[in-house]
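# Descriptive analysis of the structure
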Amino acid sequence: MSVALDDTAPVLVGQKRWLIGLTREEIGQELIAAGVHARSAKMRSNQLWHWIYYRGARSFDEMTTISKDLRAELEARFHLGRGTLIEGHVSADRTRKWLLSYGSNQEIETVFIPEEDRGALCVSSQVGCTLNCRFCHTGTQPWVKNLSAGEIVAQLLHARDDIGEWPSPKEGRMISNVVLMGMGEPLYNYDNVAKALRIVMDQEGIGISRRRITLSTSGVVPEIARVGDDLGVGLAISLHAVRDDLRDELVPLNRKYPIKDLLNACRRYPTSSNARRITFEYVMLKGVNDTPADARELVRLLQGIPAKVNLIPFNAWPGAPYECSDDAAIAAFVEIVNAAGYSSPIRTPRGRDIMAACGQLKSASVKQRASEIR
Ligand code: SAH
Ligand code: SF4
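Residues numbered from 1 in each chain as written. Chains lettered and ligands numbered in written order. Predicted model: local features only at pLDDT ≥ 70, side-chain atom pairs only at ≥ 80, totals over all residues. Heavy atoms only, no water.

## Structural notes on the domain arrangement of the protein chain
- The domain boundaries assigned to the protein chain delineate domain 1 (3-79) and domain 2 (84-373).
- For domain 1 and domain 2, the distance between their C-alpha centroids amounts to 32 Å.
- Counting residues at the interface gives 19 residues for domain 1 and 24 residues for domain 2.
- A combined buried area of about 1,800 Å² lies between domain 1 and domain 2, and 58% of that area is made up of carbon and sulfur atoms.
- Remark: the boundary between domain 1 and domain 2 carries four salt bridges. (Domains from an automatic or database assignment. Contact = heavy atoms within 4.5 Å. Buried area = accessible area lost by both parts, 1.4 Å probe. Salt bridge = Lys/Arg side-chain N within 4 Å of Asp/Glu carboxyl O.)

As structure tokens, then:
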């Protein structure tokens, strides 16, 4: 099923090592291996960090605070690529989607959802997903690999290059938020996701604060506590059903970690105060999970958890076994959840025309194979 690849080592392109996704210490070690004196490795690594993550340098040539000789040496040994752009799309609603490749059969999608003066970047954490949620397009695709920290950070660097957001602005950013809601289950790739997020949050570089980052999980219960303890980012839970029999079917991971265990993990989540509520995502599937009784049970389940509910109209994809609930069913559901005191925005589908909406992401290689079969 899967191709086991080394997902932690810096990628080699030709003989060049990839610096994206390394910690400052690891960059220092790479520099020492390249002949930089140990005494100056820390200072040099900080300089590189500034150029790479604050200024967005794509080549060593741009790094004018570093001597020409050293720049040439660095250029010969390292690279700062962002992966290969296979396709870019802009939706009628200005949502952007990029298909990026990190090697053969290793394509992922990254989506930018702009608002008036800000926006969220939806980042992928795996190529494919092991979890096969029945309503999710990514889940129909075989799992290929965990993305490395570099491959996760590079999605953000690429988006910033494209939107022209360098050097890292302190205020008024277009890419103001990051959501781990692209392809894959981030908590099945915890170490690389955590390493990537620490780079993204570093205040001397990209500097997106933990308050503006949300990690969405289908419910990998044993990993939830450390998302709060180690990273302190916002948590979103893909709940989608209020009874175990139905959730077992929609989100098969529920058979391993049932609703009760999942909600208990949420109750213990360290940032779950009223100021920082946990988001419960709930996809509206016609005739499946969208009755007033479901809404009332949802309210009952969430009692005692600082929560908000994010209702996601189902985004169809070719061959999907479900339909989106009617507007009236969604409105009735919202009313019950709101009346119980929970904010429950409906997530307006964005980028549907370019298949960039939630759960529509799928790599080009799979589309290609599917069209060959047809
Ligand atoms: N694997 C993680 C994060 C990626 S999915 C997770 O499942 O939480 C991001 C969100 O999109 C999840 O809430 C997911 O359940 C939802 N989603 C998946 N397919 C969808 C579809 N076709 N329509 C609407 N939402 C969908
Ligand atoms: Fe994987 Fe999330 Fe899709 Fe489920 S909804 S298959 S966990 S990406």
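## Structural notes on the site of ligand 2
- All residues in the neighbourhood of ligand 2 are listed as Cys129, Leu131, Asn132, Cys133, Cys136, Gly139, Gly184 and Ser218.
- The residue makeup of the shell around ligand 2, split by class, is four nonpolar, four polar and no charged. (Near = heavy atom within 4 Å. Nonpolar A, V, L, I, M, F, W, Y, C, P; charged D, E, K, R; others polar.)

## Focus on the side chain of Asn146
- Note on placement: Asn146 falls in strand β9 (residues 145-146).
- Given the relative accessible area of 12%, Asn146 is considered buried.
- Among the polar contacts listed, one links the side chain of Asn146 to the side chain of Gln126, at a separation of 2.9 Å. (Helix = DSSP H or I, 4+ residues; strand = E, 2+ residues; numbered from the N terminus. Buried < 20%, exposed > 50% of the residue type's maximum accessible area, 1.4 Å probe, protein only. Polar contact = N/O pair within 3.5 Å; in protein donor to acceptor, adjacent residues only side chain to side chain.)

## Structural notes on the packing of aromatic side chains
- Scanning all chains against the criterion turns up four aromatic pairs.
- With a centroid separation of 5.0 Å and an interplanar angle of 35°, the aromatic rings of Tyr282 and Phe333 are classed as tilted. Of this pair, Tyr282 sits in strand β13 (residues 278-284) while Phe333 sits in helix α10 (residues 327-339), placing them 51 residues apart in sequence.
- For Arg160, the ring lying beneath its charged end belongs to Trp166, and the centroid distance is 4.9 Å.
- The positively charged end of Arg226 is found above the aromatic ring belonging to Tyr190, 3.9 Å away from the centroid. (Phe/Tyr/Trp six-rings, centres within 6.5 Å; stacked < 30°, edge-to-face > 60°. Lys NZ or Arg CZ within 6 Å of the ring centre and 35° of its normal.)

## Digging into the environment of Ile20
- Mapped onto the elements of the fold, Ile20 is located in the loop between β2 (16-18) and α1 (24-33).
- Spatially, the C-alpha atom of Ile20 lies 7.9 Å from that of Glu151, the residues being 131 residues apart in sequence.
- Setting aside anything within four residues of it in sequence, one finds Ile20 in contact with Ile52, Tyr53, Leu80, Gly81, Arg82, Gly150, Val153, Ala154 and Leu157.

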